[in-house]
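Structural overview
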Amino acid sequence: MRNDNSPPPPESGSSISTDRPWFTRRSTLVVGVAALAPAALAGWVLTQAFAGSGPDGQARPAPLPASHSALSPGQRDAKPGSTPSESASTSPGAGTSSPAAAPAPAKGPLTGRTVVVDPGHNTGNFKHTDEIDQQVDIGTNRKECDTTGTTTNSGYMEAEFTMDVSKRLRTALEAQGAKVVLTHETGDRAWGPCITERARIGNEAKADAVVSVHADGVSAGNRGFHIILPATVKSGSADTAKIVGPSRELGERIAGNFARATGSAPANYLGSGTGLVVRDDLGGLNLSTQPKVFIECGNMRDAKDAAQLTSPEWRQKAAQGIADGIVGFLGG
Ligand code: ZN
């Protein structure tokens, strides 16, 4: 399913909180910027849009789809004295480390930073429904430990997709100098982890950023990506007050870079075209003490989106876009 711990969602995605006032304001800004910005400036607009200058986000325009050619990966958040992504931009093999030896970590803008990457679901969850259905405490309420995730119509599992993108993302981030922790790896466990443990891994790693990778499963015709941001919640062990602001900046950075790297547009079925939604029902966000977002990379049930999600080349672009967003957020 589309999220990590909810019952099957309504096809329209109506469980999403899309009618908050800031979305309306943001939507208006998008229209204005889109109308004024020539195509050649689209990349610049994206970069500026996610500069993170506003204290509460209200003054910043929302993500826009943009031509991939408008801004090369190496340009996106370059700062003097840094060497952003030349060494790791689009080569799948860049930064690949040997599992046998302890390789010298790459030096880069993320040196000294820790990023936790959470591959949504687990391919084994389908065979362990009793285990993943056990209830866990997410602070605000109790929910299932984990869910199976969705599939494309041809049977490509969301959990396969999330693991593949997460590994590519790890490679890209390590090439920038980051320490990367995955919440689970292929074959290392039969099911899960529970959403509570996924959150705890990010917290205990004191991660500078956490990204949970997903793909959505709604009806055909619904297309595009969106980023899920934590709502302000305080109940039981959930208290997101300190992460709501930085998580929004992280999400905006990822949204802009993901759109540029993949050419994908923000979701056409929620988020009012911003590619951003806020939710208060996800344990993985409610229990996080570190800046964290979910990304739904596309709709597995839409044939056009599925064609992208099943493409290794597209998944590499997706991972690079997410990595670029994290580099931007962490000040690379
Ligand atoms: Zn999912």
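Residues numbered from 1 in each chain as written. Predicted model: local features only at pLDDT ≥ 70, side-chain atom pairs only at ≥ 80, totals over all residues. Heavy atoms only, no water.

The subject of this paragraph is the coordination of the zinc ion. For the zinc ion, every protein donor is listed as His121 (NE2), Glu158 (OE) and His214 (ND1), and the spread of their distances is 2.0 to 2.1 Å. In primary sequence terms, the donor set of the zinc ion follows H-x36-E-x55-H. Taken together, the residues His121 in the loop between strand S1 (114–119) and helix H3 (129–132) and His214 in strand S5 (residues 209–216) connect sequence positions 93 residues apart. Each member of the pair His121 and His214 is classed as buried. (Donors = N, O, S within 2.8 Å, 3.2 Å for Na, K, Ca; no water. Helix = DSSP H or I, 4+ residues; strand = E, 2+ residues; numbered from the N terminus. Buried < 20%, exposed > 50% of the residue type's maximum accessible area, 1.4 Å probe, protein only.)

Further remarks concern the pattern of salt bridges. The final tally for this structure, using the stated rule, is 14 salt bridges. The residue Asp305 makes a salt bridge to Arg223 at a minimum N-O spacing of 2.7 Å. Of this pair, Asp305 sits in helix H8 (residues 303–309) while Arg223 sits in the loop between S5 and strand S6 (226–230), placing them 82 residues apart in sequence. Arg223 gets classed as partly exposed once you look at its relative accessible area, which sits at 28%. For the salt bridge of Glu252 with Arg248, the shortest nitrogen-to-oxygen distance reads 3.9 Å. Of this pair, Glu252 and Arg248 both sit in helix H6 (residues 244–262), separated by 4 residues, roughly a single helical turn. A single burial state applies to Glu252 and to Arg248, both of which are buried. The structure contains a network of salt bridges with shared partners spanning Asp118, Asp146 and Arg198. (Salt bridge = Lys/Arg side-chain N within 4 Å of Asp/Glu carboxyl O.)

All right, on to the packing of aromatic side chains then. Enumeration over the complete set of coordinates arrives at 2 aromatic pairs. Plain terms: the ring middles of Phe258 and Trp314 are 5.9 Å apart, the flat faces sit at 80° to each other, and that makes the pair edge-to-face. Linking Phe258 in helix H6 with Trp314 in helix H9 (residues 312–329), this pair joins segments that are 56 residues apart in sequence. Comparing Phe258 with Trp314 shows no difference in burial state: the two are buried. The lysine or arginine in question, Arg189, covers the ring of Trp191, its NZ or CZ lying 5.9 Å from the ring centre. (Phe/Tyr/Trp six-rings, centres within 6.5 Å; stacked < 30°, edge-to-face > 60°. Lys NZ or Arg CZ within 6 Å of the ring centre and 35° of its normal.)

Before going further, it helps to examine the environment of Glu144. You can see Glu144 is positioned in strand S3 (residues 142–144). Residue Glu144 is classed as partly exposed on the basis of its relative accessible area of 21%. For the pair Glu144 and Gln134, spaced 10 residues apart in the sequence, the C-alpha separation amounts to 5.5 Å.

A separate point is the sheet that holds strand S9 (residues 276–279). The sheet built from 6 strands is open, its strands ordered S4-S1-S5-S10-S6-S9 with mixed pairing. Strand pairing shows two members of the sheet lacking a second neighbour, strand S4 (179–182) and S9, which therefore form its edges. Adjacent strand axes in the sheet meet at a mean angle of 25°, parallel and antiparallel pairs treated alike. Where S1 and S4 come together, 4 bridges link them in parallel fashion. Looking at the pairing, Val115 lines up with Val180 of S4. Relative to S1, helix H5 (residues 195–204) is tilted by about 170°, and along the sheet it contacts S1, S4, S5 and strand S10 (292–299). Taken strand by strand, H6 contacts S5, S6, S9 and S10, and its axis lies near 30° from that of S10. (Pairing = 2+ DSSP bridges. Axes fitted to C-alpha atoms, helices over the stretch in contact; angles between N-to-C directions. Contact = heavy atoms within 4.5 Å.)

With 19 residues, H6 ought to run about 27 Å at 1.5 Å a step, and its terminal C-alpha atoms sit 26 Å apart, in line with that. The buried fraction of H6 amounts to 15 of the 19 residues, a majority that puts the element mostly inside the structure. Just downstream of H6, Gly263 is the residue with a positive phi angle, here 80°. (Expected span 1.5 Å × (residues − 1).)

Taken as a whole and assessed by the stated rule, the structure comprises 1 disulfide. The disulfide partner of Cys145 is Cys194, and the gap between their sulfur atoms is 2.2 Å. An S-S torsion of about -95° defines the bridge between Cys145 and Cys194 as left-handed. Highlighted residues: Cys145 in the loop between S3 and helix H4 (158–175) and Cys194 in the loop between S4 and H5, separated in sequence by 49 residues. Taken individually, Cys145 and Cys194 each receive the classification buried, so the pair is uniform in this respect. (Disulfide = S-S within 2.5 Å.)

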